[in-house]
Amino acid sequence: MSGEKITIALAGNPNSGKTSMFNAITGARQHVGNYPGVTVEKKWGHISLNGHDLEIVDLPGTYSLTAYSMEELVARDYLIKQKPDVVIDVVDAANLERNLYLAVQFMELGVPLVIALNMMDVAEGRGLKIDPDKLSRLMGVPVVPTVARKGKGVKQLLGEAVETALRQKQWRPLELSYGPDVDQALLELTGKFNGNSLAWSPLGARWVSLKLLENDAEVQKQVSQDPGLAGHMEPLRQKLRDHLRLTMDDDPEGVIADYRYGFIGGIYRQAVQETRAQRLELSDKIDKVLTNRLVGPLILLAVLYGIYQFVFWASEIPVGWLEGLFGWLGGVAEAAIPEGFVKSLVISGIIDGVGGVLGFVPLIMFMFFTIAILEDTGYLARVAYLLDRVLRNFGLHGNSVMAMIVSGGISGGCAVPGVMAARTLRDPKARLATILTVPMMNCGAKLPVYALLIGAFFAAREAQMLFALTLVSWGLALIAARILRWTVLKGETSPFVMELPPYRLPTLRGLLIHTWERTWQYIKKAGTVILGISILMWALMSFPALPEDQAAAWDAKVQAATTKELRQEVEYHKGQAELAHSVAGRMGRALHYVTAPLGFDWRTNVALVGGFAAKEVVVSTLGTAYSMGEVDPEDTVGLSERLAKEPGWNPLKAFALMLFVMIYAPCFVTVAVIRNETGGWKWPLFAVAYTTVSAYVISFLVYQGGLLLGLG
Ligand code: GDP
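Quick word on helix H16 (residues 379–392)
Here comes step 1: Its 14 residues place the ends of H16 20 Å apart at the C-alpha level, agreeing with the 20 Å of an ideal helix rising 1.5 Å per residue.
Here comes step 2: The principal kink in H16, of about 30 degrees, is found at leucine 386.
Here comes step 3: With 11 of its 14 residues buried, H16 lies for the most part within the structure.
Here comes step 4: Along H16, the residues that are buried comprise Tyr379, Leu380, Ala381, Arg382, Val383, Ala384, Tyr385, Leu386, Leu387, Asp388 and Leu391.

Description of the domain arrangement of the protein
Here comes step 1: Each assigned domain of the protein is listed here: domain 1 (5–167), domain 2 (180–274) and domain 3 (280–544 + 582–712).
Here comes step 2: Inter-centroid distance (C-alpha atoms) of domain 2 to domain 3 is 32 Å.
Here comes step 3: With 19 residues of domain 2 at the contact, the number on the domain 3 side is 21 residues.
Here comes step 4: Across the interface of domain 2 and domain 3, roughly 1800 Å² is buried in total on both sides, 53% from carbon and sulfur atoms.
Here comes step 5: Taken as a group, Leu246, Thr247 and Arg269 account for 28% of the area that domain 2 buries against domain 3, more than any other trio of residues on that side.
Here comes step 6: Summed over the shared surface of domain 2 and domain 3, the number is zero salt bridges.
Here comes step 7: Our count for the contact surface shared by domain 2 and domain 3 stands at three residue pairs in polar contact (both at pLDDT 80 or more).
Here comes step 8: The element best represented in the side of domain 2 that touches domain 3 is helix H11 (residues 252–271), accounting for 10 residues.

Some details on the site of the ligand
Here comes step 1: Residues in contact with the ligand amount to 15 residues; listed here are only the nearest, Asn15, Lys18, Thr19, Ser20 and Asp121.
Here comes step 2: One of the backbone N or O atoms of serine 16 is found 3.1 Å from an oxygen atom in the ligand.
Here comes step 3: Take glycine 17: an N or O atom from its main chain is 3.0 Å from an oxygen atom of the ligand.
Here comes step 4: Every element with two or more residues in the shell around the ligand is listed here: helix H1 (18–26) and helix H4 (120–125).
Here comes step 5: Per-element accounting of the shell around the ligand gives the leading share, three residues, to H1.
Here comes step 6: By residue class, the composition of the shell around the ligand is five nonpolar, seven polar and three charged.

Some thoughts on unusual backbone geometry
Here comes step 1: Between phenylalanine 543 and the following residue, proline 544, the backbone shows a cis peptide bond with an omega angle of -10 degrees.
Here comes step 2: Tracing the sequence through the fold places proline 544 in the loop between helix H22 (508–542) and helix H23 (548–560).
Here comes step 3: For lysine 83, which is not glycine, the phi torsion reads 40 degrees and is therefore positive.
Here comes step 4: Within the fold, lysine 83 resides in the loop between helix H2 (70–82) and strand E5 (86–92).
Here comes step 5: Taking the relative accessible area as the measure of exposure, lysine 83 reaches 37% and is therefore partly exposed.

Quick notes on the side chain of threonine 595
Here comes step 1: One can find threonine 595 in helix H26 (residues 592–595).
Here comes step 2: Of the residues examined, threonine 595 reaches a relative accessible area of 9% and is grouped as buried.
Here comes step 3: Those residues within four positions of threonine 595 in sequence are excluded, and the remaining contacts are Phe600 and Asn605.

Describing the pattern of salt bridges
Here comes step 1: Following the criterion strictly, the structure yields 26 salt bridges and no others.
Here comes step 2: Aspartate 77 is paired through a salt bridge with lysine 81; the nearest N and O atoms lie 3.1 Å apart. Taken together, the positions of aspartate 77 and lysine 81, both in helix H2 and four residues apart, correspond to about one turn of that helix.
Here comes step 3: For lysine 81, a relative accessible area of 55% corresponds to the exposed category.
Here comes step 4: The shortest N-O distance in the salt bridge between arginine 603 and aspartate 601 comes to 3.4 Å.

About the thresholds
- Residues numbered from 1 in each chain as written.
- Predicted model: local features only at pLDDT ≥ 70, side-chain atom pairs only at ≥ 80, totals over all residues.
- Heavy atoms only, no water.
- Helix = DSSP H or I, 4+ residues; strand = E, 2+ residues; numbered from the N terminus.
- Expected span 1.5 Å × (residues − 1).
- Bend = angle between axes of the 7 residues up to and from the residue.
- Buried < 20%, exposed > 50% of the residue type's maximum accessible area, 1.4 Å probe, protein only.
- Domains from an automatic or database assignment.
- Contact = heavy atoms within 4.5 Å.
- Buried area = accessible area lost by both parts, 1.4 Å probe.
- Salt bridge = Lys/Arg side-chain N within 4 Å of Asp/Glu carboxyl O.
- Polar contact = N/O pair within 3.5 Å; in protein donor to acceptor, adjacent residues only side chain to side chain.
- Near = heavy atom within 4 Å.
- Nonpolar A, V, L, I, M, F, W, Y, C, P; charged D, E, K, R; others polar.

Here you go:
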């Protein structure tokens, strides 16, 4: 393939040696003019190389691509409107971190890019050892070391540029993560573009959304002139910007810039060795300790353990209040509503079902609060950095850590945003492995199940137990990832970069907003989805009713009971007989032989079937199942206490059940999101199947092993 005409744009920071490079490439064949409509000088020149006709255009020197200055606007406009075949970014190797900021913005834009690592002589003189190959692999862009003043490396640079132009015809934008808040805002904004025109621009919705959040006047103007977008973008943009400012106490553009520098910092750490003592920033000093190979993991474990201690300690009293409140509500309903199905629906279906889930609101709230602290200070990014080394051994990427933490890696989270967070992984197989394993993390919906069972059977060791469950979920997810990467997702992993944004002092307001938003999500879900499923489960657990003769026989037995205690016992057995006769009860009993080796009784089976929809339902269904037939309002005890007293329940069974709930099928919403993210039903169905089988096998081994050890 020869004879093609290739346009090369030369870009770079002022003083990076761009003019020297332009001269070295074009020699005397230069033209000078102005960019249309502005007084910014435009220089260009033609040369031929291997039969190709190259046009070299010298862009104005800029530090950034946001339209804050005339030069930036001209440079960006040229790229977007003229679409050169390739951009050569001249960077000053002696000031690499600052210069790469522009390079990252080219990558976000997606232009075919080659980096000229200029002033290599100066960098070496300063004792910097830069590894161009590593830099190139980490950035995913060709990097050519040059000394423009002496014309060194220029030929190779041009060759690389031509090859890139011929190879990459499409723009491929880099999707960086800018932290959970900005990422979420970007998702909301890009959602608005679906089906809309974007006719004015060849650019992707994500880039435009990013610029809107960055307050880019030019992009705002363009969007406001677009009939398909004009009306609804601006209010949303304002809302999201205000929200970001509130939670992060900084302008979104500041936060976005921080994350770009974080990305660069991650690359720099790996590709550059500073042989002479360099000044350490405060963040770097803290990182020396927190991300230290030996001390770092110990601190991480201590932090986790401390969090669990704190959360159980702080939530104990308010959880008790809520239990009391729902007990009281049940009593009121008991007294106010006449005997019959309505009463059963209100008490067993709604109050005991949803109440069981809502009762854990304080626990969830404290958990989210501590996670907000970790997130807002920047410590969570360090956790990702620390675990990155571990994860590589399991065929995952550093960015998988963030997805896993979002999904509940610390306990309390959600696999839905977790699965979406996997988008930042560029390696498709590592991304799939992440998507398929994050549902094993301990999300906010599993927490009430744990809290219930830990409260009933491990009350003396609450924090230790949750700590252990956290480690187990990580261990299982990693093993699952390793197996997937050995089997269905075989392949090499490509190199990647960990982002290390600087530490920030969180604001109390930001923490409270983050905590409340997530807690409110939980409450809303309990009041809507869980309420709906709870009522459905109640119906399945109540119908069909016992045949008349059997019901009459039970009533006679109740009448015959002589003491109050005896009558209560008979009522309870009657309730259980009714449950056993219902659709759900039959299902639970049909599964008896399947789950008996795991120690589960048929009522637990009913709860687990409901849990396919959402894991909180396990709690609400157990609440309903164990409250049916309970009559005495004076005697309402929390479900936890009820289970603790129930024959057939013991710590071993509770533990096997917690493991099962941790591992088995992702909830419906997560399944739907996996479908969206993978573009078909194959992977979500695979996820449901492999997790449920794994859950069965693991709970089986644990329960039977426990029995052998005499723990039952
Ligand atoms: P521009 O502002 O990016 O166009 O930068 P110039 O091309 O004007 O270069 C700035 C200064 O750096 C000039 O004095 C150049 O001679 C010098 N320079 C450019 N490239 C190199 C290089 O690779 N090594 C060294 N030592 N000096 C360079």
